Amino acid sequence: MLVNIKRKKDNKIKLYHSTSDRMLMVFVWVLLFVIMVIILVPILFVLASSFSDASAVSSGKVFLLPVDFSLAGYQVIFQSPNIMKGFLNSIAYTVVGTIISVSLTLLAGYPLSRTDLKIRGPVMFLFTVTMFFSGGMIPTYLVVSKLHLIDTFWAMVIPSAVGVWNVILIKTYIQSSIPLDIYESASIDGCSDWKYFVNMVIPLSKPIIAVMILLYAVGKWNDFFSGLLYINDVAKQPLQMILRNILVLNDSMGMSLSLAEQMNRQELKTLMQYSLIIVSSLPVMILYPFIQKYFVKGIMMGSIKG
């Protein structure tokens with residue numbers, strides 16, 4: 001036993017014993033450090049700016065640490081009824097839309113993973129064609145309009161409910177990770193297709209389901225174009241549309257007049273940009289750590305050709 005441990009230690013020592021190996025490792029660590037700095041510095045800059053005074057942000061005094069610590073930007077955000085409505089709307093669209101999208105993707109991917117499905121080839125062909133050809137924006141808008149979904153909750157959920165690439169990931173994952181022998185054994189015991197799907201496929205597909213939740217949730221949360229096309233009522237607009245109105249169109253409707261009078265309009269707008277970036281990114285940053293351990297496993301296994 002001691003001999004084996006000694007051999008393992010010797011192997012580890014010899015692994016980076018040569019000069020070229022050490023130089024390679026130094027290069028890898030330096031490269032990773034540079035990438036980390038490139039990613040981390042903008043995040044710290046935005047975070048520091050959001051907690052700084054508006055005049056300090058506008059004058060360019062802020063870099064990585066807050067200057068003249070202030071919560072004025074967040075006060076304006078949380079006092080604005082439009083922003084809070086947009087925030088709650090985006091949460092509702094994201095939660096409901098993710099549930100519907102993941103459910104439909106699973107229901108589409110599972111049958112396509114079954115080799116005994118006779119129409120599997122034609123259905124898969126029809127799915128794949130939509131990845132290269134689509135009706136376009138105007139026909140899609142006309143369809144949504146004819147279905148009377150304009151200015152409704154479902155306009156943000158139904159048109160983008162299923163992603164074909166996600167269906168392919170689910171199909172490939174189930175096909176490569178869950179042997180058909182399990183279904184044959186379950187069917188001998190009298191298990192129906194629906195029971196097998198609910199009791200066997202879904203529990204065994206947790207990694208890829210976590211990936212789907214993350215992909216759909218981020219997509220729904222950042223969905224700006226659907227709100228621009230289908231939602232005209234300000235009370236139903238997602239957060240991304242409210243951000244556009246404030247940052248692009250310079251719309252200050254709903255902001256606190258007392259705070260707006262104390263600051264220059266342009267300084268307040270600049271400060272709000274950074275505060276809104278933090279507020280709009282926070283839900284995704286909170287969600288990711290909980291499913292990060294499943295993400296790499298699900299993506300790698302779902303990307304294997306089957």
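Please read these numbers as outputs of a predicted model, since none were measured by experiment.

*Asks:* Got a minute to help me understand the packing of helix H9 (residues 180-188) against helix H10 (residues 193-204) in this structure?
*Replies:* When two helices pack together, their arrangement is given by the angle between their axes and by how far apart the axes lie. Contact pair H9 / H10: the axes reach a minimum separation of 11 Å and the direction vectors enclose 140°. The angle between H9 and H10 places the two elements in the oblique class. The handedness of the crossing between H9 and H10 comes out as right-handed. Side by side, H9 and H10 meet where Ile182, Tyr183 and Ala186 of the first sit next to Asp193, Tyr196, Met200 and Leu204 of the second.

*Asks:* I would appreciate a short explanation of the pattern of salt bridges in the present structure.
*Replies:* Side-chain pairs of opposite charge can arise whenever the charged atoms involved come near each other. Evaluation of the coordinates by the stated rule reveals one salt bridge. Close ionic contact of Asp193 with Arg114 constitutes a salt bridge, the shortest N to O distance being 3.4 Å. A residue pair is termed long-range when its members are at least 10 positions apart, and Asp193 in helix H10 and Arg114 in the loop between helix H5 (81-113) and helix H6 (120-129) qualify at 79 residues.

*Asks:* Please clarify how the packing of H5 against helix H11 (residues 206-221) should be interpreted in this entry.
*Replies:* Where H5 contacts H11, the two axes come as close as 8 Å, and the packing angle between them is 140°. The orientation of H5 relative to H11 falls into the category oblique. Like other packed secondary-structure pairs, H5 and H11 cross with a definite hand, here right-handed. Where H5 abuts H11, its residues Phe87, Ser90, Ile91, Tyr93, Thr94, Gly97, Thr98, Ser101, Val102, Thr105 and Leu106 lie against Ile209, Met212, Ile213, Tyr216, Ala217, Lys220 and Trp221. For the contact of H5 with H11, a count of residues per class yields 11 nonpolar, six polar and one charged.

Definitions and cut-offs
Residues numbered from 1 in each chain as written. Predicted model: local features only at pLDDT ≥ 70, side-chain atom pairs only at ≥ 80, totals over all residues. Heavy atoms only, no water. Axes fitted to C-alpha atoms, helices over the stretch in contact; angles between N-to-C directions. Helix = DSSP H or I, 4+ residues; strand = E, 2+ residues; numbered from the N terminus. Parallel < 35°, antiparallel > 145°, perpendicular 65-115°, else oblique. Left-handed = near helix turned anticlockwise from the far one by under 90°. Contact = heavy atoms within 4.5 Å. Salt bridge = Lys/Arg side-chain N within 4 Å of Asp/Glu carboxyl O. Nonpolar A, V, L, I, M, F, W, Y, C, P; charged D, E, K, R; others polar.

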